[in-house]
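The lines below spell out each chain.
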Amino acid sequence: MTAVRYARCMGGIVRREGLRWVHQRGRFISALVRPLVWLAIFAAGFRFVLGVSIMPPYDTYVPYEVYIAPGLVAMIQLFNGMQSSLSMVYDREMGSMRTLLVSPLPRWFLLLSKLLAGVAVSVVQAYIFLGIAWFWEIEPPPLGYLAVLPALVMSGLMLGALGLVLSSVIRQLENFAGVMNFVIFPMFFASSALYPLWRVKESSLFLYWVCRLNPFTSATELIRFALYGRFDPLSAAVVCGCTLLFMAAAVIGYDPGRGFMARRVVAE
Amino acid sequence: MQARVDTTPLVGEGAEVTALRVAGLGHRFGDRAVLHEVTFAVAPGDFTVLLGPNGAGKTTLFALITRLYHAQRGQISVFGRDFVDSPAAALARMGVVFQQPTLDLDLTVQQNLLYHAALHGMRRRDALSRAMAELGHVGLADRRHDRVRALSGGQRRRVELARALLHEPDLLLLDEPTAGLDIESRAFLLAHVRALCAERRLAVLWATHLIDEAGDWARVIVLHQGRVLADGTAHDLVARAAASTLGEAFGRLTVGNAA
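The structure displayed is predicted, hence computed values, not measured ones.

As for the nonpolar core
Residues and elements named next belong to chain A.
- Residues Leu78, Met158, Ala161 and Ile223 are the most contacted members of the largest nonpolar core, which totals 151 residues.
- The element that contributes the greatest number of residues to this core is helix H3 (residues 64–90), accounting for 13 residues.
- Setting aside residues no more than four positions away along its own chain, Ala161 makes contact with Leu115, Thr243, Phe246, Met247 and Ala250.

So, the confidence of the model for chain B
Residue and element names in this part refer to chain B.
- For chain B, the mean per-residue pLDDT works out to 87, and 92% of the residues sit at or above 70.
- Overall, residues 1–15 carries pLDDT values under 50, and its contacts beyond four positions in sequence, including any with other chains, amount to 13 contacts.
- The ipTM for the predicted assembly is 0.84, set against a pTM of 0.86.

Points about the packing of helix H1 (residues 2–23) of chain A against helix H5 (residues 107–133) of chain A
Residue and element names in this part refer to chain A.
- In contact at an axis separation of 9 Å, H1 and H5 are set at 40° when each is read in the N-to-C sense. Our classification of the angle between H1 and H5 gives oblique. In this structure, the crossing between H1 and H5 has a hand that is right-handed. Here H1 contributes Tyr6, Cys9, Met10, Ile13, Val14, Glu17, Gly18 and Trp21 to the contact with H5, which in turn contributes Phe109, Ser113, Lys114, Leu116, Ala117, Gly118, Ala120 and Val121.
- When the residues that make up the contact of H1 with H5 are grouped by side-chain class, the tally is eleven nonpolar, three polar and two charged.

Here we look at helix H4 (residues 124–137) of chain B
Residues and elements named next belong to chain B.
- Given a rise of 1.5 Å per residue, 14 residues ought to cover 20 Å, and the 20 Å separating the end C-alpha atoms of H4 matches this to within 8%.
- Listed as buried for H4 are Ala127, Arg130, Ala131, Glu134 and Leu135. Projected down its long axis, H4 carries its buried residues within an arc of 130°, all on one side. Set apart from the buried face of H4 by more than 90 degrees, the exposed residues are Arg125, Asp126 and Ser129.
- The inward-facing, buried residues of H4 contact helix H3 (109–119) and helix H5 (153–164).
- Looking one or two places after H4, you find Gly139, whose phi comes out positive at around 70°.

Things to note about the interface of chain B and chain A
- Each side of the interface is counted separately: chain B has 28 residues, and chain A has 31 residues.
- Mapped by element, the contributors of at least two residues to the side of chain B that touches chain A are helix H1 (58–65), helix H2 (87–92), strand E6 (94–97) and H3 of chain B.
- The element that contributes the greatest number of residues to the side of chain B that touches chain A is H3 of chain B, accounting for five residues.
- Partitioning the side of chain B that touches chain A into residue classes produces 17 nonpolar, eight polar and three charged.

With respect to the pairing of strand E7 (residues 171–175) of chain B
Residue and element names in this part refer to chain B.
- E7 sits mainly inside the fold: five of its five residues count as buried.
- Bridge count for E6 against E7 is four bridges, and the pairing is parallel. Following the sheet pairing, Met94 is matched in E7 by Leu171.
- Of the strand pairs in this sheet, E7 and strand E8 (residues 203–208) are connected by five bridges, and their pairing is parallel. The residue of E8 that forms the bridge with Leu171 is Ala203.

Focus on the sheet that holds strand E4 (residues 73–78) of chain B
Residue and element names in this part refer to chain B.
- Strand order in the open sheet formed by four strands is E2-E1-E4-E5, with antiparallel pairing between adjacent strands. Looking at the sheet topology across the chains shown, the edges are occupied by strand E2 (32–42) and strand E5 (81–82).
- Where E4 meets E5, two bridges bridge the pair, whose relative direction is antiparallel. The residue of E5 that forms the bridge with Ser77 is Asp82.
- Packed onto the sheet, H1 meets strand E1 (20–29), E2 and E4 and runs at close to 60° relative to E2.

What to know about the environment of Thr245 of chain B
- Secondary-structure assignment places Thr245 of chain B in the loop between helix H7 (234–240) and helix H8 (246–256).
- Separated by eleven residues in sequence, Thr245 of chain B and Ala234 of chain B place their C-alpha atoms 9.0 Å apart.

Side note on the sheet that holds E7 of chain B
Residues and elements named next belong to chain B.
- Here six strands make up an open sheet; going across it, the order is E6-E7-E8-E3-E9-E10 and the pairing mixed. Because the sheet does not close on itself, it has two edges, and the strands there are E6 and strand E10 (227–233). Direction aside, neighbouring strands of the sheet carry axes that sit 15° apart on average.
- In terms of strand pairing, strand E3 (residues 47–51) meets E8 through five bridges, oriented parallel. Residue pairing for E8: Phe47 is matched across the bridge by Val204.
- Where H5 meets the sheet, it contacts E6 and E7, and its direction lies at approximately 170° from that of E6.

Procedures and definitions
- Residues numbered from 1 in each chain as written.
- Chains lettered and ligands numbered in written order.
- Predicted model: local features only at pLDDT ≥ 70, side-chain atom pairs only at ≥ 80, totals over all residues.
- Core = buried A, V, L, I, M, F, W, Y, C linked by C-beta atoms within 7 Å.
- Buried ≥ 20, exposed ≤ 12 C-beta atoms within 10 Å, placed from the backbone.
- Helix = DSSP H or I, 4+ residues; strand = E, 2+ residues; numbered from the N terminus.
- Contact = placed C-beta atoms within 7 Å.
- pLDDT = per-residue confidence, 0-100.
- Axes fitted to C-alpha atoms, helices over the stretch in contact; angles between N-to-C directions.
- Parallel < 35°, antiparallel > 145°, perpendicular 65-115°, else oblique.
- Left-handed = near helix turned anticlockwise from the far one by under 90°.
- Nonpolar A, V, L, I, M, F, W, Y, C, P; charged D, E, K, R; others polar.
- Expected span 1.5 Å × (residues − 1).
- Arc of directions from axis to C-beta.
- Pairing = 2+ DSSP bridges.

If you want it as structure tokens, here you go:
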């Protein structure tokens, strides 16, 4: 009986996230247009500047567009994770978080459901992007489209959980621009999404290690390998580990007895 | 200060169960004590107005009663269930209307209500019929397929009230529910919640800074600078303060206790 109630609750949370995504046209369109702009303009411009040599998981020289496509998929998930969790901090959503938290089901379950709802949306977005990217001759093997699904779920969970942690800890963020500057841009640029790490290593060893330790790099590589039917165990381990870490931190952050929330209310 | 004793026993129960009991509640942010030894109880069928100016500690009290975080001192229990030990049992019997708007503007009225029902683990079929019933009570049944964005402020609040009642709670909490509403909407909301109190023996805690929302019939708890200054019917408070109106009584109480 109780399991049914849990299922209904999770179903309701996922359904709401889906409905919101479809109804908020602006968010829907910008989520799709953003990576396409990178693909169509940035990648086209840089393909003659940056050569990508043969490196796993690719068997041959690949055009720059093909190289950055997995990074852009990860970017979709990064934006999504930040948006669905962090929007709670600074807009009306704080109210909807409170609505969520007065549900009688355990708080960790509510947060997990919220997280899975965000992941579901980001996975659909990623597939839509991959579908459109096919016209840019980003044509991974057919099986890759299937193999990438678990990778997308894993990376989506990690980035969504990160968003949840930030939403519980950060007291105030002026607006989404703050998140862009301090979270999204550093994570995205200091990663293997836009350039292979061996190239970064050539210019700066320090930067190489920053990129190497950035969990977003692991998410990108996990997706990149999966898309070409390969499994990258190190990235998978890092993504899983970070997910557990971030999730635990989020549960603590939202624990009524610990007071992260209490501290934040002072600002009101 | 004493908890009010309700003389009407609940059907099938030997002893009266208090709907909401707040005992010795204390909370501070850094050096600033926001709540100090707050104690009161709300019984089934009680319409209780929590009256206090902005900054009196109402927001913090509501955050604690809705379990956003735990109180540093004291206990909260809902129908005898302690908030820390058995939060699920306590939350299941509680409906809340928050001060800030909490509806999804881009979703329809019905979608908003079904989401809330899911959070309580309700069956979809039950949720639909409950939603129809509660929307009917607030006169919005025919707007259920409209986006919330298309509704007026007063209508949105009525939807939030219907939503709070969806899972048939026995305790209803409202935090400044009339903020920003016109006179007509305010009157409707007050009358509707009062009727619920009488008909369903719903326990209600209605927080406000507007003195005129506590009619003569209401029980009033005056919260000022984090302390309960008075607890009784509006009529009693006026008499005790030797004032002619509740506003005057409130003024005397708060001035006399200014820190």
